[in-house]
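So the chains spell out like this:
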Number of protein chains: 2
Amino acid sequence: MKFIIQKDHLVQSVQDVMKAITSRTTIPILTGIKIVASEEGVTLTGSDSDISIESFIPKEEGDQEIVDIQQPGSIVLQAKFFSEIVKKLPTSQVEIMVDNLQTTIRSGKSEFNLNGLDSEEYPHLPQISEQNSIKVPTDLLKNIIKQTVFAVSTSETRPVLTGVNWKIENNDLICIATDSHRLALRKAKIETEEEQSFNIVIPGKSLNELNRILDDHDEPVEIFVTENQILFKTKHILFFSRLLEGNYPDTNRLIPTESKTDIVVNSKEFLQSIDRASLLAREGRNNVVKFSTMSDNVIEISSFTPEIGKVMEELVSESVSGEELKISFSAKFMMDALKVLEGSEVKISFTGAMRPFVIHPTNDDSTLQLILPVRTY
Amino acid sequence: MKFIIQKDHLVQSVQDVMKAITSRTTIPILTGIKIVASEEGVTLTGSDSDISIESFIPKEEGDQEIVDIQQPGSIVLQAKFFSEIVKKLPTSQVEIMVDNLQTTIRSGKSEFNLNGLDSEEYPHLPQISEQNSIKVPTDLLKNIIKQTVFAVSTSETRPVLTGVNWKIENNDLICIATDSHRLALRKAKIETEEEQSFNIVIPGKSLNELNRILDDHDEPVEIFVTENQILFKTKHILFFSRLLEGNYPDTNRLIPTESKTDIVVNSKEFLQSIDRASLLAREGRNNVVKFSTMSDNVIEISSFTPEIGKVMEELVSESVSGEELKISFSAKFMMDALKVLEGSEVKISFTGAMRPFVIHPTNDDSTLQLILPVRTY
């Protein structure tokens, strides 16, 4: 194998595939990056066996030559060293040459010799037939992930809750995450080639990594689903993730369809009030604040931690309608929800102090956040 | 106690005194910030008993009122909570009021009640008579600290080496730090009121904290020294540190006065070469690179780690004079030294492969860095 490549393209690709690589793997060759040089360009692969990322660097882009392939071939190099090396090379062109697993990396007056591993020993990526894709614009996909993934469970007692449930119903993609104390839901109209339907659970960790790798633009990501794998495909990147096994619980019955008290507040002011009200309660086991409606559309948010002190926040809401209410909830859950909702105003719909309540942006029913209250009153 | 204060001034002062406060203290009241309101303004104090920082907020600055003192008094508040609270308050003015240790903090529609502690129980700061000061411009002081403090020892086997030795000889301030494998020295002409002389050791940790608190400008810092304390005084901040006991070793004889090989290199290029040459050696116990002079002013820097691979760097120096040389040294020590030296070129003076060598900027003898080689050849 021998090729000369533009350093910045190599650095970017290495950075992308590094997101799948962990040093805590039980399969030693997965601490490496697989490099394949073909007539078309150079392909890098990283994997932790749950997530695999493949990044392709084409021979040329537009009129510009990016890689000069002098001899096709392949090698696996220690990711930790290879990624540090390429970042720090002195010149804009890099020559990589393999002779009998001995790999030479040359740039200006720098020369590295690395012991490589046989690429034949690198696990094969899942085979996914590229049929029946759905297409989602990148910025929408990032938004869908951001608005749901934070609510997955971090506990392994019910492994299926550590993932986000994606299902397609009538050309609607519906994404749901819950840790059984709160729930995040996001719907989106999507474009499919033919009538599609699936109901899968994607590990939260995979979606977080995918979000870090995607740039914010509106080019579509193509998504392919098989029984136990999902593939996200962009122009130069393939992102594979295994799916979680098991049936995702039916959460429909959790979401209240009517409400007894509706409150509209400025999202940012409300977030800051909750943040301050919980400042002294963070030490405690539950980080709980009390929320009460007062007269004249005023809302009072408070907390009391005997050893430290108490906080009292008043907030004038846009509107309060329905019954008076006193309720307690986790300040962290409320802040998590408010941070991902778009729009300057949110509507919160309560059905009593003991029942889950729903937060969504006013005039947008594509997304909702649900929180279970804490019984303190 | 009762006063109304501009939030931004309070936040800045709290941030400054927080640098002295640690939660790992054996004296519980030192987890608090002492607040004293007098007719002149508000004074905040934080301390970990080694370092104490006092920050003064005057009643007014120029024409602007900063504090409105309504009733003098004092209190100690938990630093962790108080600092978080003041940062997040909603309005630009803050009212603080103490009634029988119960402290109320009010800003807009936010009200915090904190349990305070009796300020009478807060330890007294060291008394330092403000005589015989030396004055050092702030930016020079920051430079002096930066160019020496990184070289202190991190091991407690010889506690005196965890500090920086400051001494005054003939109006020269001489600052030296060494961990016995390398040494950093910085001299500066200083301004004293009268003939001064001292020879003290300041804990490295204190100097690091001081450096983080000082802004980069050329107003002078006044420095007062007693037998076991040093005080750095700026316009609104008093920074006290205890001194280390014990005699600092005489390092004069360590520094070679003649050389057998002199090399002048571009500082940045040399730093980058050393950085790359050591990339594969960082795992190993010593992070050592080999350095050899070649013909035509070329320098070769290399390292070899059997399991991983090898690196070879070539660098064209500005000049090489004297004997040929092969020497090995710690890449980390060399990079630490190069990062703090100013100027685009450095001169490195060797007196053989087994002897300490000296690095300093060409045309500047106020600062030098000395490194002991490692025996590998």
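Residues numbered from 1 in each chain as written. Chains lettered and ligands numbered in written order. Predicted model: local features only at pLDDT ≥ 70, side-chain atom pairs only at ≥ 80, totals over all residues. Heavy atoms only, no water.

As annotated in an unreviewed UniProt entry, chain A carries the name Beta sliding clamp and is attributed to Niallia circulans. Quoted verbatim from the Sequence similarities (unreviewed entry) heading of the UniProt record, the comment on chain A is "Belongs to the beta sliding clamp family." (UniProt positions renumbered as here; feature names shortened; annotations may be inferred.)

Here we come to the overall build of chain A. Broken down by element type, chain A carries six helices and 29 strands. The dimensions of chain A, computed from C-alpha atoms along their principal axes, are 80 × 50 × 40 Å. The proportion of buried residues among the 377 residues of chain A is 54%. A separation of at least 24 residues holds for 66% of the contacts in chain A among residues at least 6 apart in sequence. As presented, chain A carries roughly 17,800 Å² of accessible surface, and 44% of it is formed by carbon and sulfur atoms. Taking the average location of the 39 positive side-chain charges in chain A and that of its 56 negative ones, the two points are 7 Å from each other. (Helix = DSSP H or I, 4+ residues; strand = E, 2+ residues; numbered from the N terminus. Buried < 20%, exposed > 50% of the residue type's maximum accessible area, 1.4 Å probe, protein only. Contact = heavy atoms within 4.5 Å. Areas by Shrake-Rupley, 256 points an atom, 1.4 Å probe, with all protein chains shown as cover. Lys, Arg positive; Asp, Glu negative; His and termini not counted. Charge placed at Lys NZ, Arg CZ, Asp CG, Glu CD.)

This part covers the domain arrangement of chain A. All names here are of chain A. Per the domain assignment, the segments making up chain A are domain 1 (2–121), domain 2 (134–233 + 242–251) and domain 3 (255–371). Once you take the C-alpha centre of each, domain 2 and domain 3 turn out to be 27 Å apart. Listed as interface residues are 13 residues of domain 2 and, on the opposing side, 14 residues of domain 3. Between domain 2 and domain 3 lies a buried interface of about 1,200 Å² when both sides are counted; carbon and sulfur atoms form 50% of it. In this structure, R182 engages D336 in a salt bridge whose closest nitrogen and oxygen atoms are separated by 2.8 Å. Counting the contacts that link domain 2 with domain 3 gives nine residue pairs in polar contact (both at pLDDT 80 or more). Among the secondary structure elements, those contributing two or more residues to the side of domain 2 that touches domain 3 are α3 (138–149) and β15 (182–189). (Domains from an automatic or database assignment. Buried area = accessible area lost by both parts, 1.4 Å probe. Salt bridge = Lys/Arg side-chain N within 4 Å of Asp/Glu carboxyl O. Polar contact = N/O pair within 3.5 Å; in protein donor to acceptor, adjacent residues only side chain to side chain.)

Residue and element names in this part refer to chain A. For D16, the position within the fold is in helix α1 (residues 7–18). In this structure D16 is buried but unpaired, with K19 as the nearest side chain of opposite charge at 4.4 Å. Leaving out residues up to four positions away in the same chain, D16 has contacts with I53, I213 and I237.

Another aspect to go through is the packing of aromatic side chains. This structure, assessed with the given rule, holds 14 aromatic pairs over all chains. Summarising the aromatic geometry, the rings of F270(A) and F291(A) are spaced 6.0 Å apart at their centres and angled 80° between planes, so their arrangement reads as edge-to-face. Placement of F270(A) in helix α5 (residues 267–277) and of F291(A) in strand β22 (residues 288–293) is noted, with a sequence separation of 21 residues between them. Grouping residues by exposure puts F270(A) and F291(A) together as buried. A centroid spacing of 5.4 Å and a plane angle of 55° characterise the contact between F329(B) and F357(B), whose relative ring orientation is tilted. (Phe/Tyr/Trp six-rings, centres within 6.5 Å; stacked < 30°, edge-to-face > 60°.)

Residues and elements named next belong to chain B. Most of strand β2 (residues 32–37) is tucked away, with five of its six residues classed as buried. Taken together, the six bridges between β2 and strand β8 (residues 73–78) define a ladder with antiparallel strand orientation. Within β8, the residue paired with I35 across the bridge is I75. Relative to strand β3 (residues 41–47), β2 runs antiparallel, the two being bridged by four bridges. Each residue of the ladder has a partner; that of A37, found in β3, is V42. The antiparallel hairpin formed by β2 and β3 contains three residues in its connecting segment. (Pairing = 2+ DSSP bridges.)

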